[in-house]
Amino acid sequence: MDMATQHHEQRLFFSTGARHGEGVDAIDGLGLRPALLARYRDLTRLRYDYPLVLVGRGPGAGTLRSLSSVVDEVLQEIAPQGIDGERLRKHVLRLEREVRVLLAGGAAGRLTELWAEAAPRLAAPGDPSAEGVLKHIAEKLQLDGDVVDCDRAMPARVLAHVWGGAQQRKAAAFRTTVDRLVIKLSDILRAAFIHSQAGQRPDALRASLGGTHRDAFDFSVMSRLVARNVPKDELPPARRRRIEDALAVLKSQPFFPDPRLAERPGAPASYGFRYDNCAAAATAYRERLPKLAEVVKAISIAELEADGAYVEARHDAFFAHFDDRALSADDIALFPDYLVCVAADRADAPENAGMMDMLSAGLPVKVLVEATDLLEEASVGAGHFAFGVRQVRLANTATGLGGVFVVQSASSNLYALRERLAKAFAHRGAGLVSVYAGAGTVGELPPYLTAAAAMESRAFPAFTYDPYAGDNQAARFTLEDNPQPEADWPVTPFEYADETLQRVVEETPFTIADFVLCDTRYAGHFARVPRERWDDAMIPADEWLARDPKSVGDAIPYVLAADPDDGLQRVVVDARLMQMVARCRTFWHRLQEQGGVHNSHAEILLAREKAKWEQARAKEQDALKAAAAASMQAAVAPVAAPVETAPGAPASAPAGAPVPAAPARNPDEAWIETARCPSCNECQAINDKVFKYNDDKQAYITDVKLGTYRQLVEAAEACQVSIIHPGKPWDPNEPGLEELIARAESFQ
Ligand code: SF4
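This report concerns the structure included in the present document. If you're wondering where the values come from, they're calculated on a predicted model, not measured in any experiment. Along each chain, residues carry numbers from 1 onward, in the same order as the chain's sequence is written. It should be noted that, the model being predicted, local features are given only for residues of pLDDT at least 70 and side-chain atom pairs only at 80 or more, the latter also being counted only at that level, while totals for whole chains, interfaces and linings use all residues. Excluded from the side-chain calculations are hydrogens and water; all other atoms, namely the structure's heavy atoms, are used.

1. Details of the overall build of the protein
Put simply, the rule is: Put simply, DSSP marks the helices as runs of H or I at least four residues long and the strands as runs of E at least two long, and each gets a number from the N terminus on. Accessible areas in this description were obtained via Shrake-Rupley with a 1.4 Å probe; residue shielding takes into account the shown protein chains only.
From N to C terminus, the protein includes 24 helices and 22 strands. Put simply, the protein shows about 37,700 Å² of open surface, and 54% of that area lies on carbon and sulfur atoms.

Structure, rendered in structure tokens:
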């Protein structure tokens, strides 16, 4: 078949998606994956961020750890350095892998449980020592918690864990305040009781004394003696009522109830703060606001009473009208945040609208939205991609609401973003975490790889918007968690053997077309071209996109793929998919601008400033040239003939002395353009015997032999106007001459 015919077939496929003739093979069932993912066939053999340990006890409770980091820590503690610890290290690393295998097979549990399950699987029949060693190490584990793999359910579990950690910290601070106030108010009431008639009754006196002394006293007599002139109640009724009311509210508040009472009968009720939809969370928040205001009021009254600072004339009226309208952001920040995990199948338009309302109102709520299927064929325009517009752009829209902390990331990257997540959950106002969990595609890739491919290809870029990180967009918005954020597509070295078995390394981009190749539903947008039909008209998809559409001509874009035997394949992409890739690249460019990468305003400004700077520099150089010419004329004009310089005489003459004409100067001798010296003193600071000023306070060289060649070169480098010319060294034995001569070259 001639080249024109085979190219016609590729061209037809590109334009219409139809396969006619040979050389544009369907890829269904070929098991192709992007070439850059070829080496990740078995994730259990890799040490990477997953699985995670949701630390529930021990150091760092409420945080996330990767299994690998826990294992590394254990090894550092127990395995001796060098060869002695090698056997132990091997056992433990095999156990780590075994835990990965267990999880990949569907196992679940806490780290200590999975460790115990994995250890016997590693025992060799003739050598059960490994199991014993590993069980012994398990006892040394400082921390424990559920272990989760990077699967569909992971983002919700991880975020609930991080949220729980943040709530525990809030609860501890809240309980410290409330417990202190409860003790203070109770003390006031107790003291008042002791000083009251009721407190002086015989039974009250008996109860107030320790058991060993009870029989030594006649409490009836004592009561008659001490009860004289005792007030019925030393607390005025209004104050007593105020303190008792505040105490009752603090003891029964359902936001962070006293955990010590949880098991007791009649323990105060406790609110829940986890929801699966925004409407329910917003309703709960609003319904509870009056109760929240009541608790804030009780705390405020208790603080005043504890300090003896409550002034009825001033405070009564204020607290009489205190309700939820009086709450400040500081007040609300004391209380729990709400967590809403919106299931992917509930993230429809009404839910998203409710979420935007809730976020823009600044409620103390953290929302997890999971993007599932990033790739959707649009309902209109058959075969055109809509590309999961709602999910992908939702988080970006939320950055415009003001005050909302937004984190977007693929699930594969959540561990790397743990600090940002912790910050988002510590944020006082509303927060949105948008995660793509690697689900939704149909193909052989595990969720971790699918999620990583989405982020790598810019199909689901990571970004963070922290509304209080600074007063400008550059401080608040960052794209830095993406690979190579300044590029259209990240580029990675890809190594393979060509048909002659020679090693080839190519810088290979990972585009959205590569990501779509992972999803077998869209196999119709690709066609494999057998190696014998590869030609120059096929160009990599990134290169095709980078070309001007008018000059792309008949070129056909392709991506590199690997088959199950790791054979390298070229797969051409049709025009409809390439349109979607171009649209996504445009969206990525917009994000880059938001993140200050290739910002068009900044680039225009920079170009303008650069042009100004170049103009100014050109003017300056012209002025310098003119000054040099004038100086040369001044030096030459009064001299009728060149004057020989006596050996040992100054290489540059002092003012008024005869100056050799330029053509007569020996290029091997050091000299200074004395007339141009602005007297900065740098050369004299290096050697004030070699460099002296003339009567006009301009530098000249006295005798190079009063110093070293190194000093001449250093002076030339230090001179602000580059007028010192070091010439050649006078002492051939000076150390380091080769290097010094090279440095002097640009000053001769
Ligand atoms: S370093 Fe240059 S400008 Fe400064 S005094 Fe010496 S010769 Fe003049």
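2. Describing the pattern of salt bridges
Selection criterion: Note on definitions: salt bridges are taken to be side-chain nitrogens of Lys or Arg within 4 Å of carboxyl oxygens of Asp or Glu. Burial classification: accessible surface area is computed with a 1.4 Å probe over protein chains only, and a residue below 20% of its type maximum counts as buried, one above 50% as exposed, and the rest as partly exposed.
One pass over the structure, following the stated rule, counts 44 salt bridges. Measuring nitrogen to oxygen at the nearest pair gives 2.7 Å for the salt bridge that ties Asp-258 to Arg-260. On the accessibility criterion, Asp-258 (12% relative accessible area) is buried. As a salt-bridge pair, Lys-423 and Asp-466 come within 3.2 Å of each other at their nearest N and O atoms. Linking Lys-423 in helix 15 (residues 418–426) with Asp-466 in the loop between strand 11 (463–465) and helix 17 (473–476), this pair joins segments that are 43 residues apart in sequence. Owing to a relative accessible area of 47%, Lys-423 belongs among the partly exposed residues under this scheme. Classification of Asp-466 by relative accessible area gives buried; the value is 10%. Three or more residues are tied together by salt bridges with common partners; here these are Arg-239, Arg-242, Glu-305, Glu-312 and Asp-316.

3. Re the site of the ligand
To be explicit about the condition: Think of it this way: one heavy atom of a residue within 4 Å of a molecule or strand is enough to make that residue near it. Of the two site types, the cavity is a set of points on a 1 Å grid over the protein atoms alone where a 1.4 Å probe fits but cannot get out, and the pocket is an open set with protein on both sides within 12 Å along at least five of seven lines, each lined by residues with an atom within 4 Å of a point. If over half the atoms of a molecule are within 2 Å of the grid points of a cavity or pocket, the molecule is regarded as sitting in it. Gly falls in the polar group here, along with every residue not listed as nonpolar (Ala, Val, Leu, Ile, Met, Phe, Trp, Tyr, Cys, Pro) or charged (Asp, Glu, Lys, Arg).
Around the ligand, the structure places Cys-677, Pro-678, Cys-680, Asn-681, Glu-682, Cys-683, Tyr-693, Ala-699, Cys-719, Val-721, Ile-723 and Ile-724. Here the ligand occupies the largest cavity. Here the residues of the shell around the ligand are counted per class, giving ten nonpolar, one polar and one charged.

4. Concerning empty space enclosed by the protein
Vacant regions in the atomic arrangement are exposed by a probe of water-molecule size rolled over the atoms. Formally: Grid points are joined across faces, edges and corners, and a volume is the space filled by probe spheres set on the points.
Within this structure, the stated rule accounts for four cavities of 30 Å³ or more. Size it by volume and the largest cavity reaches roughly 90 Å³. Around the largest cavity, the lining comprises 14 residues; the ones closest to its centre are Cys-677, Cys-680, Cys-683, Cys-719 and Ile-723. For the lining of the largest cavity, the residue count by class is eleven nonpolar, two polar and one charged.

5. Considerations on the pairing of strand 14 (residues 503–509)
For clarity, the cut-off: The rule for pairing is simple: two strands pair if DSSP sees at least two bridges between them.
Relative to strand 14, strand 13 (residues 491–497) runs antiparallel, the two sharing seven bridges. Note that in strand 14 the partner of Phe-494 across the bridge is Glu-506. Counting the residues that bridge the hairpin from strand 13 to strand 14 gives five residues, and of these Leu-501 lies at a positive phi of roughly 65 degrees.

6. Digging into the packing of aromatic side chains
Under the convention used in this document: Any two of the Phe, Tyr and Trp rings considered here, Trp counted by its six-membered ring, make a pair once their centres fall within 6.5 Å; the pair's planes then place it as stacked at under 30 degrees, edge-to-face at over 60, or tilted in between.
For the structure shown, the criterion picks out 19 aromatic pairs. Where Phe-273 meets Tyr-338, the ring centres are 5.0 Å apart and the plane angle is 75 degrees; that geometry is what we call edge-to-face. One end of the pair, Phe-273, is in the loop between helix 9 (237–252) and strand 6 (274–275); the other, Tyr-338, is in strand 7 (residues 338–342), and 65 residues separate them in sequence. Residue Phe-273 shares its accessibility class with Tyr-338, and that shared class is buried.

7. A closer look at the sheet that holds strand 12 (residues 477–478)
Note the cut-off: Here, residues are in contact when the closest pair of their heavy atoms is within 4.5 Å. Lines fitted to C-alpha atoms define the axes here, with helix axes fitted over just the stretch in contact, and angles between the N-to-C directions of these axes take values from 0 to 180 degrees.
On the basis of which strands lie adjacent, the open sheet formed by seven strands has the order 6-7-8-10-9-11-12 and mixed pairing. If you trace the sheet from one side to the other, it starts and ends with strand 6 and strand 12, each paired once. Where strand 11 meets strand 12, two bridges bridge the pair, whose relative direction is antiparallel. Paired with Thr-464 across the bridge in strand 12 is Thr-478. Strands strand 6, strand 7, strand 8 (365–371) and strand 10 (431–436) of the sheet are contacted by helix 6 (residues 154–194), whose axis makes an angle of about 165 degrees with strand 8. Strands in contact with helix 10 (residues 278–306) are strand 6, strand 7 and strand 8; relative to strand 7, the strand with the most contacts, it is inclined by about 165 degrees.

8. Some thoughts on the side chain of Ser-412
Definition in use: Counting of polar contacts relies on pairs of N or O atoms within 3.5 Å, with two restrictions inside protein: one atom must be capable of donating a hydrogen and the other of accepting it, and residues adjacent in sequence are counted only when both atoms are side-chain atoms.
Secondary-structure assignment places Ser-412 in the loop between strand 9 (405–410) and helix 15. A distance of 3.3 Å separates the side chain of Ser-412 from the backbone nitrogen of Ala-452, its partner in a polar contact.

9. Overview of the pairing of strand 10
Defined as follows: Every crossover in which the path from the first strand over the helix to the second runs clockwise, viewed with the strands pointing away from the viewer, is termed right-handed.
Burial analysis of strand 10 places six of its six residues in the buried class, the great majority of the element. Both faces of strand 10 are covered, namely the face carrying Gly-431, Val-433 and Val-435 and the face carrying Leu-432, Ser-434 and Tyr-436. Here strand 8 pairs with strand 10 via six bridges, running parallel. What sits directly across from Val-369, in strand 10, is Ser-434. Two strands pair when backbone bridges link them, and strand 9 and strand 10 are joined in this way by six bridges, in the parallel orientation. The residue bridging Val-406 from the neighbouring strand is Leu-432, located in strand 10. Taking the sense of rotation as the criterion, the β-α-β connection linking strand 9, helix 15 and strand 10 turns out right-handed.

10. Quick look at the packing of helix 9 against helix 10
To keep it simple, the criterion reads: Relative orientations are named as follows: roughly parallel for angles under 35 degrees, roughly antiparallel for angles over 145 degrees, roughly perpendicular for angles from 65 to 115 degrees, and oblique for any other angle. In this scheme, a crossing is called left-handed if the near helix is turned counterclockwise away from the far one by less than a right angle; it is called right-handed if the turn is clockwise.
The contact between helix 9 and helix 10 brings their axes to 9 Å, and the two run at 130 degrees. It follows that helix 9 is oblique to helix 10 by the angle criterion. The two elements helix 9 and helix 10 cross, and the hand of that crossing is left-handed. Touching Arg-239, Arg-242, Ile-243, Ala-246, Val-249 and Leu-250 of helix 9 are Glu-294, Val-295, Ala-298, Ile-299, Ile-301, Ala-302 and Glu-305, all from helix 10. Per-class residue counts for the contact of helix 9 with helix 10 are nine nonpolar, no polar and four charged.

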